[in-house]
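Topology and contacts: notes
One letter stands for each residue in the lines below.
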Amino acid sequence: MRPVERVGVVGCGTVGAGFAEICARAELDVLVAVPSPESADRGRRRVERSLDRLVAKGRLTGQARDAVALRVEFCTDIGRLGDRDFVLEAAVERLAVKQEVFRRLDEAVKDPAAVLASTTSSIPIMKLAQVTCDAQRVLGAHLFHPVPVMPLVELVGSLRTSGEALARARSFLAGTLGKEVIAAQDRPGFVVNALLVPYLLTAVRMLESDTASAVEIDRCMRLGCAHPLGPLELADLIGLDVVAAIGTQLYEETKAPPHAPPSLLLRMVEAGLLGRKTGRGFHSYAEDSVA
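Throughout what follows, the structure given in this document is the object of discussion. Computed from a prediction, not measured in an experiment: that's the story for all the values here.

So, how was this worked out
- Residues numbered from 1 in each chain as written.
- Predicted model: local features only at pLDDT ≥ 70, side-chain atom pairs only at ≥ 80, totals over all residues.
- Heavy atoms only, no water.
- Axes fitted to C-alpha atoms, helices over the stretch in contact; angles between N-to-C directions.
- Helix = DSSP H or I, 4+ residues; strand = E, 2+ residues; numbered from the N terminus.
- Parallel < 35°, antiparallel > 145°, perpendicular 65-115°, else oblique.
- Left-handed = near helix turned anticlockwise from the far one by under 90°.
- Contact = heavy atoms within 4.5 Å.
- Nonpolar A, V, L, I, M, F, W, Y, C, P; charged D, E, K, R; others polar.
- Salt bridge = Lys/Arg side-chain N within 4 Å of Asp/Glu carboxyl O.
- Buried < 20%, exposed > 50% of the residue type's maximum accessible area, 1.4 Å probe, protein only.
- Pairing = 2+ DSSP bridges.
- Right-handed = clockwise from strand over helix to strand, strands pointing away.
- Core = buried A, V, L, I, M, F, W, Y, C linked by side-chain atoms within 4.5 Å.
- Patch = residues over 30% accessible without salt bridge, like charges linked within 9 Å, V, L, I, M, F, W, Y side chains within 5 Å.
- Areas by Shrake-Rupley, 256 points an atom, 1.4 Å probe, with all protein chains shown as cover.
- Expected span 1.5 Å × (residues − 1).
- Arc of directions from axis to C-beta.

1. Some words on the packing of helix α7 (residues 192-208) against helix α8 (residues 214-225)
Direction vectors running N to C along α7 and α8 enclose 140°, while the axes themselves pass 9 Å from each other. Judged on the interaxial angle alone, α8 and α7 are oblique. Relative to α8, the crossing made by α7 is right-handed. The segment α7 lies against α8, with Tyr199, Ala203, Met206 and Leu207 engaging Ala214, Ile217 and Met221. Here the contact of α7 with α8 is built from residues that sort into seven nonpolar, no polar and no charged.

Dropping the structure here:
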């Protein structure tokens, strides 16, 4: 099995940037496709800020930081990913957007051994694979934020994914990148979000019904259950738009009431109160606000 040496990433939000960083730190050739030069600038700043934090902590030298940054190239043409061994789609959590990305990747990446992976946390992999001509190489690689820190990857095959593609992805993610890989079935929410998202949405409903304040809800779960973050703090970290999108997708798939995003969450997303990345969600994070 040929090792993965050339990595492609579509999208450079928090997950895409984190994945690009860990691949570059593993001395791989990384090419990131984004919609515009402005997106490329934002993505590069995300990667560089993360590397700067490692330098400040003494975990990376300045020289090594510069070498890692140089391994990450940006482009606005998804067609340039045609020579990649492993491509990770990290676009927004919307089915139509992700399907369009996979249509274009299917056309661009001709090597039948190349893996086309999605970071989706809720969309069935089969719905992405079905728009391609070669569903055997499409799979899910659900990473967790922040990618350079969180060890887990959920590896998800559809009913059409080949054993060879799954084996190559596992070897790359676990062997080259050092991630802890668990196999998950192509079911709504896979493993983690099938458990996590109803918990987060229940916390929002408690706040919405004035059962307790946001501070009290989070404090109860930190002190009573030894969670490092309370559910509303965690939702703010993930991004309220992401939590709402996952909940919506899970509800569309299952029609289970615990998966339906509460009105309060939807209104906050509409108001642009998305959590840490905007400086305000269920809590305020003025120092973390992204201009």
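2. Thoughts on the pattern of salt bridges
All chains considered together, the criterion is met by 18 salt bridges. A salt bridge links arginine 84 to aspartate 29, with the nearest nitrogen and oxygen atoms 3.4 Å apart. On the criterion of sequence distance, the pair formed by arginine 84 in the loop between β3 (72-75) and β4 (86-89) and aspartate 29 in strand β2 (residues 29-33) is long-range, its members being 55 residues apart. Note on arginine 84: relative accessible area 5%, which makes it buried. Relative accessible area serves as the criterion here: at 35%, aspartate 29 is assigned to the partly exposed category. Aspartate 52 is paired through a salt bridge with arginine 65; the nearest N and O atoms lie 2.8 Å apart. In this pair, aspartate 52 is assigned in helix α2 (residues 37-56) and arginine 65 in helix α3 (residues 62-70), connecting sequence segments 13 residues apart. On the basis of relative accessibility, which here comes to 16%, the residue arginine 65 falls in the buried class. Among the charged side chains, a network of salt bridges with common partners joins Arg2, Arg6, Asp85 and Asp111.

3. Overview of the pairing of β2
Counting buried positions along β2 yields four of five residues, so the element is predominantly enclosed. Both strand β1 (residues 6-10) and β2 contribute to a ladder of five bridges, which runs parallel. Within the sheet, the bridge partner assigned to arginine 6 lies in β2 and is aspartate 29. In terms of handedness, the path from β1 via helix α1 (residues 14-25) over to β2 forms a crossover that is right-handed. Inspection of the sheet shows β2 paired to β3 by four bridges, in the parallel sense. Counted as the bridge partner of alanine 33 is cysteine 75 from β3.

4. Looking at the nonpolar core
If you look at the biggest cluster of nonpolar residues, it comprises 40 residues, and the most contacted ones within it are Phe19, Val32, Phe86, Phe172 and Leu173. In terms of residue count, α1 provides more of this core than any other element does, seven residues in total. Ala33, Cys75, Ile78 and Val138 belong to the second largest nonpolar core, which has 23 residues in total.

5. Concerning a nonpolar patch on the surface
Where nonpolar side chains cluster on the molecular surface, the patch consists of Ile182, Val191 and Leu195 and spans about 260 Å² of accessible area. With respect to the element layout, isoleucine 182 can be found in strand β8 (residues 180-184). On the basis of relative accessible area, isoleucine 182 is assigned to the partly exposed category, the value being 31%.

6. Concerning unusual backbone geometry
Residue proline 146 is reached from histidine 145 by a cis peptide bond, and omega for that bond is -5°. Considering the arrangement of structural elements, one finds proline 146 in the loop between β6 (138-143) and β7 (152-157). Of note, the phi angle at alanine 226 is positive, near 60°, even though the residue is not glycine. Relative to the helices and strands, alanine 226 resides in the loop between α8 and α9 (231-238). Exposure remark for alanine 226: the relative accessible area of 64% places this residue in the exposed category. For lysine 255, which is not glycine, the phi dihedral falls at a positive 60°.

7. Regarding helix α6 (residues 163-176)
Across its 14 residues, α6 extends 19 Å between first and last C-alpha, which sits within 8% of the 20 Å expected from 1.5 Å per residue. Along α6, the positions that sit buried rather than exposed are Ala165, Arg168, Ala169, Phe172 and Leu173. Angularly, the buried residues of α6 cover 120° about the axis, an arc narrow enough to put them on a single face. In α6, the exposed residues that point more than 90 degrees away from the buried face are Glu164 and Gly175. Positioned one or two residues after α6, glycine 178 has a phi angle of 75°, which is positive.

8. Some thoughts on the packing of α2 against α3
When two helices pack together, their arrangement is given by the angle between the helix axes and by the axis-to-axis distance. Running from amino to carboxyl end, α2 crosses α3 at an angle of 160°, the nearest separation of the two axes being 10 Å. Between α2 and α3, the angle is such that the two are roughly antiparallel. The way α2 lies across α3 gives a crossing that is right-handed. Each of Arg44, Glu48, Leu51, Asp52 and Val55 in α2 lies in contact with α3, whose residues at this interface are Gly62, Arg65, Val68 and Ala69.

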